[in-house]
Amino acid sequence: MKKIFTDSGIEIKPLYTESVPSNELPGEFPFTRGIQPDMYRGKLWTMRQYAGFSTAEESNKRYHYLLSQGVNGLSVAFDLPTQIGYDSDHPLAEGEVGKVGVAIDSLADMERLFEGITLEDISISMTINATGYILLALYVALAKKQGADLTKITGTIQNDILKEYEARGTYIYPPKASMRIITDIFEWCAKELPKWNTISISGYHIREAGSTAVQEIAFTLSNGKAYVKAALDKGLDIDTFGKRLSFFFNAQNNLFEEIAKFRAARRMWAKIMKKLGATDPKAMMLRFHTQTGGVTLTAQQPLNNIARVTIQTLAAVLGGTQSLHTDGYDEAVSLPSENAATTALRIQQIVAFESGAPDTVDPLAGSYFIETLTNEVETAAWKIIEKIDVMGGSVNAIEQGFIQNEISNSAYVHQQQVEKEEKIIVGVNKFEVDEKSMISGFKIDDSIRQIQTDKLNALKTTRDNSKVMKCLQQLNNAAIGGQNLMPLVIEAVENHCTLGEISDELRKVFGEYK
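Here's what I pulled together on the structure shown here.

What counts and how
Residues numbered from 1 in each chain as written. Predicted model: local features only at pLDDT ≥ 70, side-chain atom pairs only at ≥ 80, totals over all residues. Heavy atoms only, no water. Helix = DSSP H or I, 4+ residues; strand = E, 2+ residues; numbered from the N terminus. Rg over C-alpha atoms; globule rule 2.2 N^0.38 Å. Contact = heavy atoms within 4.5 Å. Areas by Shrake-Rupley, 256 points an atom, 1.4 Å probe, with all protein chains shown as cover. Lys, Arg positive; Asp, Glu negative; His and termini not counted. Charge placed at Lys NZ, Arg CZ, Asp CG, Glu CD. Expected span 1.5 Å × (residues − 1). Buried < 20%, exposed > 50% of the residue type's maximum accessible area, 1.4 Å probe, protein only. Core = buried A, V, L, I, M, F, W, Y, C linked by side-chain atoms within 4.5 Å. Salt bridge = Lys/Arg side-chain N within 4 Å of Asp/Glu carboxyl O. Phe/Tyr/Trp six-rings, centres within 6.5 Å; stacked < 30°, edge-to-face > 60°. Lys NZ or Arg CZ within 6 Å of the ring centre and 35° of its normal. Pairing = 2+ DSSP bridges. Axes fitted to C-alpha atoms, helices over the stretch in contact; angles between N-to-C directions. 1 Å grid on protein atoms, 1.4 Å probe; cavity = no way out; pocket = protein on both sides within 12 Å on 5 of 7 lines; lining within 4 Å. Points joined across faces, edges and corners; volume = space filled by probe spheres on them. Nonpolar A, V, L, I, M, F, W, Y, C, P; charged D, E, K, R; others polar.

Each helix and strand counted, the chain has 19 helices and 11 strands in total. Rg of the C-alpha trace for the chain: 22 Å, near the compact-globule value of 24 Å for 514 residues, within the 12% margin. Viewed in the frame of its principal axes, the chain has a C-alpha envelope of about 75 × 55 × 45 Å. Residue pairs at least 24 apart in sequence account for 79% of intrachain contacts in the chain once pairs closer than 6 positions are excluded. As displayed, the chain offers around 20800 Å² of accessible surface, 52% of which is attributable to carbon and sulfur atoms. Side-chain charges in the chain split into 53 positive and 64 negative, and the spacing between the mean points of these groups amounts to 3 Å.

Spelled out as structure tokens, the structure:
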């Protein structure tokens, strides 16, 4: 009989007749079956849509549209210059302004982005890493202008720089300086923004870069350990900051392996946090957001992507996600159109209200297959984490190139399997048709850069530039002296320092990672 393996190389038996019995209950350590005893019967997952493009004004229109369609959480996409600390008028920003996300250069842009949206009333997730501290400062400054109670503000900044070195590339500063900024955010938020999730430790981009499901959770949880240890070294209380850690995972097409992955990850993180000294069960809970797999979408026969996203949505829900973003069927061609974004949201709503999947907690628990696969995924992931621990943790493993090489090798193997038709991608290497795409694609005009540049020029002629220089010098001094940077970054953005100016000031102190 032909042997069948998951994408992680775990052999799938033709029949499962037994598994290791488990008496675990949802809401109890080690949380394999979920972090809430009633799961979705108590509260459905947060339905987010990831959106951001062009100018803040255009993105704001899309946000209002999504909210009118039933979205109850927004995820903000930022353009590449914003992600790597360049204002829109910087020479390296040319050709990229507003293309893969919204351009945010200043507090004025942030005000336009959320115009008509009360920040106390909605949870905002921001996919931002190297400049996460600046975007958080801009968000806090806007909340203060709205008169919001900062203790009630909820949301997340991704703020996971380690996976940028491993898989994605939007880093600015060297690893140790970046880790210092992250722990400054942990410390400041614990006191001033207690309901804010200070980091979303991301396996999503690791998976998009080509890792397997097992590697995704192994590398992600190892990165999580590194952040926790850095916070402990700073003297922070694990039972306090541990409650504000969240994770971000990918959902792909192998339904059962994905469900097992989510269950195993919860159990593993609970054990990791307990071993690191957590005593509060809430600090041991792995809370996670899921996004369906962008890399699985095909430009060929793009409507097939609706089926893929539906399978991935079921994997996330049956695996116990806390929030979910579903991809548009046209995203292999361009940014999602309004129609594709609506269809993606409807997939979540149909699963939530028509499928019965949320009606009971962890509905596949006790399945011989699921329980065995959960254990096998966990065992395989621990082996990888143990290798990284021997190297001294994730930062050292990154500096040695280990994690990057493992991801690259897995991506290469996958591509070979596709080209040899050992792995079938419907519409790509089997069941192809001659077609002309009916999807024109949602394109962003290059004129956006000039619009943003004009805004920057107007800002710089009306602000108090002596205050700007003072704020930047204070930030420089604090970076050198080891002072927490967050209060000074907030003061800087309130005095209309731009994202690029703040990033450059810290480049002077920390340098850039090459």
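Structure shown, so let's carry the discussion forward.
Once that is clear, we can look at helix α19 (residues 499–510). Since one α-helical turn is 3.6 residues long, residues separated by three or four positions face the same way. Between its terminal C-alpha atoms α19 stretches 16 Å, which fits the 16 Å expected from 12 residues at 1.5 Å a residue. Counting buried positions along α19 yields nine of 12 residues, so the element is predominantly enclosed. Within α19, the full set of buried residues consists of L499, G500, E501, I502, S503, E505, L506, R507 and F510. Of the surrounding elements, those touching the buried residues of α19 are α2 (80–83), α4 (132–145), α6 (175–192), α16 (448–462), α17 (465–481) and α18 (486–494). Phi turns positive, to about 80°, at G511, one or two residues after α19.

This part is about the nonpolar core. Counting residues in each nonpolar core, the largest one holds 138 residues, and the members touching the most others are M110, F114, M126, Y133 and I502. The biggest single contributor to this core is α4, with 11 residues. Grouped together as the second largest cluster of nonpolar side chains are seven residues, F53, V97, L335 and I444 included.

Further remarks concern the pattern of salt bridges. Per the counting criterion, the structure on display carries 30 salt bridges. Two residues, E216 and K261, come together in a salt bridge whose shortest N-O distance is 2.8 Å. Placement of E216 in helix α8 (residues 213–233) and of K261 in helix α10 (residues 255–275) is noted, with a sequence separation of 45 residues between them. Of the two residues examined, E216 and K261, each falls in the buried class. As a salt-bridge pair, K261 and E258 come within 2.8 Å of each other at their nearest N and O atoms. With a gap of three residues between them, K261 and E258 both fall in helix α10, about one helical turn apart.

In this section: the packing of aromatic side chains. Taken as a whole and assessed by the stated rule, the structure comprises 18 aromatic pairs. Look at Y40 and W45: their rings are 5.0 Å apart centre to centre, the planes differ by 75°, and that puts the pair in the edge-to-face class. We note K274 situated over the ring of F29; from NZ or CZ to the ring centre the distance is 4.6 Å. A cation over a ring is seen here: K430 above F431, with NZ or CZ 5.5 Å from the ring centre.

Moving on, we get to α4. The end-to-end C-alpha distance of α4, which contains 14 residues, comes to 20 Å, matching closely the 20 Å that a straight helix rising 1.5 Å per residue would cover. For α4, the tally of buried residues reaches 12 of 14 residues, placing the bulk of the element in the interior. Those residues of α4 not exposed but buried are G132, Y133, I134, L135, L136, A137, L138, Y139, V140, A141, L142 and A143.

Okay, unusual backbone geometry next. The omega torsion of the bond from F29 to P30 falls at 5°, within 30 degrees of zero and hence cis. In this structure, P30 sits in the loop between β2 (11–12) and β3 (46–51). With a phi angle near 45°, Q301 is a residue other than glycine that sits in the positive phi range. Examined against the element boundaries, Q301 turns out to sit in the loop between β10 (288–292) and α11 (304–318). Here Q301 falls in the buried class, since its relative accessible area comes to 16%. Even without being a glycine, H496 presents a positive backbone phi close to 70°. Relative to the helices and strands, H496 resides in the loop between α18 and α19. The exposure class assigned to H496 is partly exposed, which follows from its relative accessible area of 29%.

What follows covers the sheet that holds β10. The parallel open sheet is built from nine strands, whose spatial order is β7-β6-β5-β4-β3-β11-β10-β9-β8. Edge positions in the sheet fall to β7 (196–197) and β8 (199–202), since each has one partner strand and no second. In this structure, strand β5 (residues 123–127) lies alongside strand β6 (residues 155–157), joined through three bridges in parallel fashion. Its bridge partner lying in β6, M126 is registered against I157. Its contacts with the sheet put helix α12 (residues 338–354) on β3 and β11 (323–325), and the angle it makes with β3 is roughly 170°.

What follows deals with the environment of Y50. By the secondary structure assignment, Y50 is in strand β3. For Y50, a relative accessible area of 24% puts it in the partly exposed group. With 19 residues separating them in the primary sequence, Y50 and F31 have C-alpha atoms 28 Å apart. With residues up to four places along the chain from it excluded, the contact list for Y50 reads S75, V76, A77, T127 and H325.

So, about the layout of surface pockets. Roughly 1200 Å³ of internal volume is contained in the second largest pocket. Forming the boundary of the second largest pocket are 44 residues, of which D7, H414, Q417, K423 and I425 lie nearest the centre. If one sorts the elements of the lining of the second largest pocket by residue count, helix α15 (residues 402–419) sits on top with eight residues. Residue classes in the lining of the second largest pocket are distributed as 18 nonpolar, 18 polar and eight charged.

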